[in-house]
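Analysis of the macromolecular model
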Amino acid sequence: MTRYALPDQANIPARGLPWHFLDYALQRDVLPATIARGSGMPGDGSPPLQGSLVSPQQCLQLLSNILRELDSPDTSFMLGQQLLPGGDPALSAALRQAASLQHALEIVCRWPSRLLPLLRPRLHLADGQIVLYWTDSHGAPGLRAALVEMHMTALVSLVRWLGGQRLPWRFCFNRARPRHIEQHEVHLGGELRFDCQLDAMLLDAGCFSQPWPNGNADACASALAAAGQAGQVPSLTDALYDHLLADVRRSPTLESASAAFGISPATLKRHLARYGTHFVAELDQVRTHVALYLFQSRRADNEAVADYLGFHDAANFRRSFKRWTGLTPALLRAALAT
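Read on for a plain summary of the structure. (Residues numbered from 1 in each chain as written. Predicted model: local features only at pLDDT ≥ 70, side-chain atom pairs only at ≥ 80, totals over all residues. Heavy atoms only, no water.)

**Overview of the packing of helix α14 (residues 279-297) against helix α16 (residues 314-325)**
Look at α14 against α16: their axes get within 10 Å of each other, and the N-to-C directions meet at 110°. By the criterion of interaxial angle, the relationship of α14 to α16 is roughly perpendicular. Note on packing geometry: the crossing formed by α14 with α16 is left-handed. On α16, the residues touching V280, D284, R287, T288, A291 and F295 of α14 are F317, F321, R323, W324 and T325. Of the residues in the contact of α14 with α16, the class split is 6 nonpolar, 2 polar and 3 charged. (Axes fitted to C-alpha atoms, helices over the stretch in contact; angles between N-to-C directions. Helix = DSSP H or I, 4+ residues; strand = E, 2+ residues; numbered from the N terminus. Parallel < 35°, antiparallel > 145°, perpendicular 65-115°, else oblique. Left-handed = near helix turned anticlockwise from the far one by under 90°. Contact = heavy atoms within 4.5 Å. Nonpolar A, V, L, I, M, F, W, Y, C, P; charged D, E, K, R; others polar.)

So, in structure tokens, the structure goes:
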């Protein structure tokens, strides 16, 4: 049976990401009671008790309060600057000793619930490229842009610090181009693409295994051994994405997915509604991501992708793909080629 956590379950250490948010706001002279309202964090500006936990919903409320009160275009990027190596002692120590970009990204993607609990990083290598893309862990569409900016900045900053140089990342955003992109350019660089079908960071694979100057593989391994697997329960949407991705060629259904989670279809529907989503939307997201991979990395045509995803014919796939993305496969392939 697949394990999962719901958005109101307290599983994020309050002295980690939530305190990072609150401390940043306090440095900007925002009243702590204003920032903490509805979040479950102390309203007097004092650090939370050691060992206390907050839920993803509370953490997202805290972030929403900060963004509203500061009302600055650089807040999400500045929050990302110091987000990693994070507040988990063992994993923070491991990241500091990472021997290469590969090593660091594997740690981040192996322990997402403890390092980056609000967005899930997913690593893929194909066609000579590193692709790190992000999926929503807790259903926060109104905060999605800020979360993506924060997490991308966190990775860029960590890698620049540990590797000793700024790498030529390319960035894709699943949203329209904002009116002003100065903060994107300052914190991320100039290689920015908007109106994409996923939020992703891309880099030439030649950078993946280059050794970092201060890396120590043995010390990193010791820190990871101490880290263990405690606290690694994925959110329902993260676990569902993983299940659907593994099962995508067999045309998964609400019934088959709910059986894998040991709950009824009605219960799965209710749980997903708490994230502001539903089963078909989650399945369509996975199918879109798989289609993008096949188009880009395998240069697959419509017939091959349709067959891979279990469609009876290419015409049915084309109609479905346009419903998922607003684009025909031909238009998307043309965009990927530019």
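**Points about the nonpolar core**
Counting residues in hydrophobic clusters, the biggest one holds 71 residues, and the most contacted among them are F21, L101, L115, L147, W169, F171 and M201. When residues in this core are grouped by element, the largest group, 10 residues, is from helix α8 (residues 144-163). Ignoring anything within four residues of it in the chain, the contact list for L101 reads I130, V159, L167, W169, L203, C207, F208, Q210 and W212. Core analysis: the next-biggest nonpolar cluster, separate from the first, contains 39 residues, L272, L294, F295 and F321 among them. (Core = buried A, V, L, I, M, F, W, Y, C linked by side-chain atoms within 4.5 Å. Buried < 20%, exposed > 50% of the residue type's maximum accessible area, 1.4 Å probe, protein only.)

**So, the layout of surface pockets**
Empty space within the largest pocket amounts to approximately 870 Å³. Looking at the largest pocket, it is lined by 36 residues, and the ones nearest its centre are V131, L198, L292, Y293 and Q296. Within the residue set of the lining of the largest pocket, elements represented by two or more residues are β3 (119-126), β4 (129-136), β5 (170-172), β6 (192-193), β7 (199-204), α11 (236-247), α14 and α17 (329-337). At 6 residues, the largest contribution of residues to the lining of the largest pocket is made by α14. For the second largest pocket, the calculated volume is near 630 Å³. Every residue lining the second largest pocket is counted, 28 residues in all, and those nearest its centre are D136, R144, N174, E282 and Q285. Those elements that place two or more of their residues in the lining of the second largest pocket are β4, α8, α11, α14 and α16. The biggest single contributor to the lining of the second largest pocket is α14, with 6 residues. A breakdown of the residues in the lining of the second largest pocket according to their chemical character gives 10 nonpolar, 11 polar and 7 charged. (1 Å grid on protein atoms, 1.4 Å probe; cavity = no way out; pocket = protein on both sides within 12 Å on 5 of 7 lines; lining within 4 Å. Points joined across faces, edges and corners; volume = space filled by probe spheres on them.)

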